[in-house]
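# Descriptive structure summary
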Protein chains: 2
Amino acid sequence: MPVGFNVDEMKRLDEVVEKRRRVKQGELLFNSGDTFTSLYAIRTGFFKTCVTSEDGREQVTGFQMAGEIIGMDGIVSDRHNCNAVALEDAEVCVMPFATVEDLSRELPALQRHVHKIMSREIVRENSVMMLLGNMRAEERLAAFLLNLLQRLHARGLSQSELVLRMTREEIGSYLGLKLETVSRAFSKFSEEGIIEVKQRYVKILAPEALKKIFNPQTYF
Amino acid sequence: MPVGFNVDEMKRLDEVVEKRRRVKQGELLFNSGDTFTSLYAIRTGFFKTCVTSEDGREQVTGFQMAGEIIGMDGIVSDRHNCNAVALEDAEVCVMPFATVEDLSRELPALQRHVHKIMSREIVRENSVMMLLGNMRAEERLAAFLLNLLQRLHARGLSQSELVLRMTREEIGSYLGLKLETVSRAFSKFSEEGIIEVKQRYVKILAPEALKKIFNPQTYF
DNA sequence: CGGTCTATTGAACGCTGTCAATCATGGTGG
DNA sequence: CCACCATGATTGACAGCGTTCAATAGACCG
């Protein structure tokens, strides 16, 4: 996945992939409290990660798709700190973290790659904090859709339509909203002709209008 | 700062500290968009980090005190992604990241330490997402106070009183609340005899009550 | 074809935001 | 040294957004 490696280095990189693991829809890749051993590179499928408070409240902390890495929450305490659930049948590469560390001491490009992945996650969470702390319901949903579309487009899929892999409740948990509020925002966008919604299928009719909702000031 | 190093390794670790830098209250350690070169270890003082949206909304993403590391947001894109502002006169150790990477290839304990620091930040942001997505105003403030107290106590300060280094507005930005709401929550706690507040000075009279507000279910 | 899960929609409520006035604090300069 | 001013904090009244509760409809799956 990372670029900037020569043929020899690529061969070495195969060492970090211990094996592959299949996770069926609804099953856990890892659970909060599990001993941390490995990072996981998603080959196919779609995951959510979430944290649970002692009194049972759940917060979805992210949705991850093919090509993304999960499990970095476990490094600090040698235990996973969140749950990772497959939202559709998935396959991941298991990368024992001890091997990743050993090899990244030999390959500066891999070392740099690992650092960037973790930094990217920190920056992503920063923007989720902005979303949760400052945005209104419709802005949150617009931001969410635009982010999903951009990531799917980077994987060769359409920029103008998508099939959601998660429920309204999971979207709501991620966005700090109740499922009814998410549903209402979808309906509002639909009434305004910005999107077409049919359950999990979403078609973007007016991407500019979505961007305007997400970031009003940019469009004076 | 890290443990698990022998004398020889400690000597090598000095290499990563290029120099020290003083930052006066109100001044920036780094700005969003600045070229990323170094991580900073806070020796003394108190910082806030915040991100700004294109339309000018500001979200405080964290408060950092002595012994903590800031700047990891810059690794992914070689540019800083947030602002770091000193809330009181501060001194930091400048640690050029290239040097950190070089040395952590030789010292596995340093490598592990760097990974843990970044993972800890990811986990911290996960709990802020829980706070912003699921908690009510008073729960947020209770969580905030308990977190500050715990970190100050780990540095040898009192568990039962503290002087806030930030304004109500900055607390509100961090907690996803308006400053008036923060102020009201302080007053409410005060009326209930849980804390004593006088501007930035806060004394905890009933820590158990605070914990109960933070996490109601634990106390059936 | 029934049963369960998910999504939509309506109505009423309540928490937090908004707007505004007042007070406290700390720094500055006359 | 004190008056002054700018900044920060508190408090009140009211409005609005999102939640809550509820009913209904739709989709999926055995």
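Predicted, not measured: the structure shown is a model, and the values here were computed from it.

## What to know about the confidence of the model for chain A
In low-pLDDT regions, the fine details of the predicted coordinates are not to be read closely. Confidence in the prediction of chain A, expressed as mean pLDDT, is 94, and 96% of residues score 70 or more. For chain A, per-element mean pLDDT is lowest for helix 1 (residues 7-13) of chain A, which scores 81, and highest for helix 5 (residues 168-175) of chain A, which scores 98.

## What about the protein's contact with DNA strand D?
The environment of DNA strand D is formed by 18 residues, the closest being A:A137, A:T181, B:R168, B:S183 and B:S187. Across the atoms of DNA strand D situated within 4 Å of the protein, the share located in sugar and phosphate is 64%. Within the contact set of DNA strand D, a base nitrogen lies 3.3 Å away from a side-chain nitrogen or oxygen of A:E180. A:R184 is positioned with one of its side-chain polar atoms (N or O) 2.9 Å from a base oxygen of DNA strand D. At the level of elements, helix 6 (179-191) of chain A together with helix 6 (179-191) of chain B are the ones that each hand at least two residues to the surface near DNA strand D.

## A few points about the interface of chain B and chain A
If you look at the interface, chain B gives 50 residues, while chain A gives 50 residues. Summing the contributions of chain B and of chain A, the shared interface buries around 4700 Å²; its carbon and sulfur component is 57%. Counting the surface chain B buries against chain A, the share from its top three residues, B:R57, B:R105 and B:M129, is 15%. Summed over the shared surface of chain B and chain A, the result is six salt bridges. Along the contact surface separating chain B from chain A lie 26 residue pairs in polar contact (both at pLDDT 80 or more). Secondary structure elements with two or more residues in the side of chain B that touches chain A: strand 3 (38-52), strand 4 (58-65), helix 2 (97-106) and helix 3 (108-134) of chain B. Top element by residues in the side of chain B that touches chain A is helix 3 of chain B. It accounts for 20 residues. Residues that form the side of chain B that touches chain A fall into these classes: 19 nonpolar, 17 polar and 14 charged.

## What to know about the pattern of salt bridges
Residue and element names in this part refer to chain B. Using the criterion set out here, one finds 38 salt bridges over all chains in the structure. Among the ionic pairs, R155 bridges to E68, the shortest N-O distance being 3.5 Å. Placement of the pair is R155 in the loop between helix 4 (137-154) and strand 7 (161-163) and E68 in the loop between strand 4 and strand 5 (69-70), with a sequence separation of 87 residues. The partly exposed category is assigned to R155, whose relative accessible area is 35%. We note a salt bridge from K188 to E192, for which the minimum N-O separation is 3.4 Å.

## Let's talk about the pairing of strand 8 (residues 195-198) of chain B
Residue and element names in this part refer to chain B. Pairing analysis gives four bridges linking strand 8 to strand 9 (residues 201-204), with the strands arranged antiparallel. Bridge pairing in strand 9 places K198 opposite Y201. Connecting the antiparallel pair strand 8 and strand 9 is a turn made up of two residues, with Q199 showing a positive phi of about 55°.

## What about the relation of the copies chain B and chain A?
Each copy of the sequence occupies a distinct position, and chain B is placed on chain A by a rotation of 180° and an axial shift of 0.0 Å, giving an RMSD of 0.0 Å. What the superposition gives is, in effect, a two-fold axis relating one chain to the other. Within chain B, the C-alpha atom positioned nearest to the axis of rotation is that of B:R105, 2.2 Å from it. Of the residues that chain B buries at the interface, 100% are likewise interface residues in chain A, meaning the two copies contact each other through the same surface.

## Here we look at the sheet that holds strand 9 of chain B
Residues and elements named next belong to chain B. Pairing is antiparallel in the open sheet, where three strands are placed in the order 7-9-8. A single partner strand is all that each edge strand has here, and the edge strands are strand 7 and strand 8. On average, each strand axis in the sheet is tilted by 10° relative to the strand beside it, whichever way the strands run.

## Description of the pairing of strand 6 (residues 83-96) of chain A
Residue and element names in this part refer to chain A. Among the 14 residues that make up strand 6, twelve are buried, leaving the element largely enclosed by the rest of the structure. When strand 1 (residues 19-23) meets strand 6, the two strands line up antiparallel, connected through five bridges. Its bridge partner lying in strand 6, R22 is registered against E91. Both strand 2 (residues 28-30) and strand 6 contribute to a ladder of two bridges, which runs antiparallel.

## Quick look at the packing of helix 4 of chain B against helix 5 (residues 168-175) of chain B
All names here are of chain B. The N-to-C vectors of helix 4 and helix 5 enclose an angle of 105°; their axes lie 11 Å apart at closest approach. On the basis of the axis angle, helix 4 is roughly perpendicular to helix 5. Here helix 4 contributes R140, L141 and F144 to the contact with helix 5, which in turn contributes I171, Y174 and L175.

Conventions we followed
Residues numbered from 1 in each chain as written. Chains lettered and ligands numbered in written order. Predicted model: local features only at pLDDT ≥ 70, side-chain atom pairs only at ≥ 80, totals over all residues. Heavy atoms only, no water. pLDDT = per-residue confidence, 0-100. Helix = DSSP H or I, 4+ residues; strand = E, 2+ residues; numbered from the N terminus. Near = heavy atom within 4 Å. Polar contact = N/O pair within 3.5 Å; in protein donor to acceptor, adjacent residues only side chain to side chain. Contact = heavy atoms within 4.5 Å. Buried area = accessible area lost by both parts, 1.4 Å probe. Salt bridge = Lys/Arg side-chain N within 4 Å of Asp/Glu carboxyl O. Nonpolar A, V, L, I, M, F, W, Y, C, P; charged D, E, K, R; others polar. Buried < 20%, exposed > 50% of the residue type's maximum accessible area, 1.4 Å probe, protein only. Pairing = 2+ DSSP bridges. Least-squares fit on C-alpha atoms with pLDDT ≥ 70 in both. Axes fitted to C-alpha atoms, helices over the stretch in contact; angles between N-to-C directions. Parallel < 35°, antiparallel > 145°, perpendicular 65-115°, else oblique.

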